[in-house]
Amino acid sequence: MTMKMQRDFFQGSMRIKVQGKMIEPFLQACVRRGSVISNIKRVNEHEAVMTIRLSEWKTFRQLRRKYRCKLSILEGRGLPFYYRKITQRKALMAAFMLSVIVVFLLANTLWSIKIEGLTPELEANVEKKLKTYGVSPGKMSIGMDDPNDIQRKLLDDIPELLWIGVNKKGTSYQLYGVEKTRHDTNKNLRPSDLVAEKKGMIVKTFIEKGRPLVTVNDVVKKGQKLATGQLVEDKDILVHTEGEVIAETWYKVDQNLPMNQVLLLTDGLEVREYQLKIGSLTLPLWGWWEGEGSQFRSENEETNWEWFGWKSPIDLKAIHHYEVDGKKYAQSKNKIQELGIITARESLNQYLGKEAEIMKEKVLHLREENGKVKLILLFKVHENIAVTKYISQGD
Amino acid sequence: MTKWQKQIRTWIGRYFDLPSDVMLDLPRITTIGSIHVYIENHTGLLHFSDNEVRIQYKRGQVKIIGKDLGVKMMLKEELLLEGEIKSVEFLPEA
């Protein structure tokens, strides 16, 4: 029974009214042609109502004249009729089509590009290049180049890239890049000497190429030759000298440190003020009465709304006002000396770079005057003092 | 159908123990209580109304009398009636 009902639903059935004097013979004739009639109900002598299949309507039409019956459709049921009803509703159809199109478009829009394994500069470069190929978030991915083409183009256009993998995953592109590590192959191998960059006492020498002129514990002046490219004295066999000369150097640091320090501390009280920014216009939204007086420190936080790469002209600005409390701290001489040494050491480390090593520091001078401490420190440092100096050959 | 044909059919039906409706072209009428009547192997619907249905078969007519009768389904040689059935009457041709 359910099978039959399903069939009727998909093929469509209709309720019809038959009028005439020869209803029974008419029905008998229809049935003989293979029709199935159900739910026949006699209305009166010359009228009956019944359900037939949509596909049998043709048979009924053909036979009705012979038996002088009048047919009229009361209602249609099933899929074909629903379909007709729906297609007749233009707005509904239009909305349906539109939603299909929108879903299709959204699914075929590139939503994000993820680049991994590259330095920020190179990443920006790759993004810029992708944009010129028409690959950027918010663009349609139909008509975009194949990931393989993009990969080839990127590799051609950006020489710094050793390799880049372009992967399309749904609505996003994932790129994995490997940067070329530059090996200086065109090193200038002209004949050269190594000279001292600054005054120092040699601690260790390691000359890879060339003839060393100094030994450990020698004190050298600035500009003094440490090794030469002239392999044999008074002969013209000149080579490029390479090597490292570690020397002990000295740095003097002068510091003037105040005894009393004023520290501004937030005490936890925070009030917020909100502003709406439309273009260059700023409208206060909430809390514009807050944050007056000098006892507050303000921090601004601004949104940066974007829609599909288009910057929104409307932004929300939040200003956080933190109440601050100034506190004076008087410190002892020893404490100041300690702090001074630490800061001096740090700044010296920054100045010298990674390779140098601070060996020892010594306080030369510590004096208190007018609420300030004068501190003079001496640092002993081991660093490479050798620099390359090319030999001019006069040609 | 001549008389001797009828006799042979009856005899074959008995001999092979075949259902008589198949052999003799008679209608098979099944009723479920008094609410449904299922008629197979008929040759035509002659008349139907709320209280009377007449069906033709090879050797006569069947008259079904009841109340609120309706044809639930009608196929080439099958008929399903429903309603409140009072009687099933055979009117064989003379």
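Residues numbered from 1 in each chain as written. Chains lettered and ligands numbered in written order. Predicted model: local features only at pLDDT ≥ 70, side-chain atom pairs only at ≥ 80, totals over all residues. Heavy atoms only, no water.

Chain B is annotated in an unreviewed UniProt entry as Sporulation protein YqfC of Halobacillus alkaliphilus.

Chain A has the name Similar to stage IV sporulation protein in an unreviewed UniProt entry, where Halobacillus alkaliphilus is given as its organism.

(A) Molecular detail of the overall build of chain B. Scanning chain B from N- to C-terminus turns up 2 helices and 6 strands. Listing every helix and strand of chain B by position from the N terminus yields α-α-β-β-β-β-β-β. Summarising its shape, the C-alpha atoms of chain B cover approximately 40 × 25 × 25 Å along the three principal directions. For chain B, the proportion of its 94 residues judged to be buried stands at 31%. Counting contacts in chain B only where the partners sit at least 6 residues apart, residues at least 24 apart contribute 41% of the total. (Helix = DSSP H or I, 4+ residues; strand = E, 2+ residues; numbered from the N terminus. Buried < 20%, exposed > 50% of the residue type's maximum accessible area, 1.4 Å probe, protein only. Contact = heavy atoms within 4.5 Å.)

(B) Region of the structure containing the packing of helix 2 (residues 23–32) of chain A against helix 3 (residues 57–64) of chain A. All names here are of chain A. Look at helix 2 against helix 3: their axes get within 10 Å of each other, and the N-to-C directions meet at 135 degrees. Regarding the angle of helix 2 to helix 3, the classification is oblique. The element helix 2 and its partner helix 3 pack so that their crossing is right-handed. Packed against helix 2, whose contacting residues are F26, L27, A29 and C30, the element helix 3 presents F60, L63 and R64 at the interface. Looking at the contact of helix 2 with helix 3 residue by residue, the class counts come to 6 nonpolar, no polar and 1 charged. (Axes fitted to C-alpha atoms, helices over the stretch in contact; angles between N-to-C directions. Parallel < 35°, antiparallel > 145°, perpendicular 65-115°, else oblique. Left-handed = near helix turned anticlockwise from the far one by under 90°. Nonpolar A, V, L, I, M, F, W, Y, C, P; charged D, E, K, R; others polar.)

(C) Just the interface of chain B and chain A, in detail. On the side of chain A, 15 residues touch chain B, which itself brings 18 residues to the contact. For the pair chain B and chain A, the two sides together bury roughly 1500 Å², of which 57% comes from carbon and sulfur. Contact with chain A buries area across many residues of chain B, yet F48(B), M74(B) and K76(B) alone supply 41% of it, more than any other trio. At the boundary of chain B with chain A, the tally comes to 0 salt bridges. Here chain B and chain A share 7 residue pairs in polar contact (both at pLDDT 80 or more) between them. (Buried area = accessible area lost by both parts, 1.4 Å probe. Salt bridge = Lys/Arg side-chain N within 4 Å of Asp/Glu carboxyl O. Polar contact = N/O pair within 3.5 Å; in protein donor to acceptor, adjacent residues only side chain to side chain.)

(D) Representation of the UniProt feature "transmembrane region" (unreviewed entry) in chain A. UniProt records the feature "transmembrane region" (unreviewed entry) for residues 91–111 of chain A in the present numbering. The span residues 91–111 of chain A is 81% helix and 0% strand, and its two end C-alpha atoms sit 30 Å from each other. (UniProt positions renumbered as here; feature names shortened; annotations may be inferred.)

(E) Focus on the nonpolar core. Judged by nonpolar contacts, the single largest core of 36 residues is most densely connected at F26(A), L27(A), M50(A), F60(A) and I64(B). It is helix 2 of chain A that contributes the most residues to this core, 6 residues altogether. With near-sequence residues (within four places) excluded, M50(A) lies in contact with M14(A), R15(A), I16(A), V18(A), L27(A), I37(A), S38(A), N39(A), I40(A) and F60(A). Membership of the second largest hydrophobic core comes to 18 residues, among which are M144(A), I164(A), V166(A) and Y173(A). (Core = buried A, V, L, I, M, F, W, Y, C linked by side-chain atoms within 4.5 Å.)

(F) Representation of the pattern of salt bridges in the model. Residue and element names in this part refer to chain A. Taken as a whole, this structure holds 10 salt bridges over all chains when the rule is applied. Between D193 and K225 there is a salt bridge; the shortest N-O distance is 3.4 Å. One end of the pair, D193, is in strand 8 (residues 192–196); the other, K225, is in strand 12 (residues 225–228), and 32 residues separate them in sequence.

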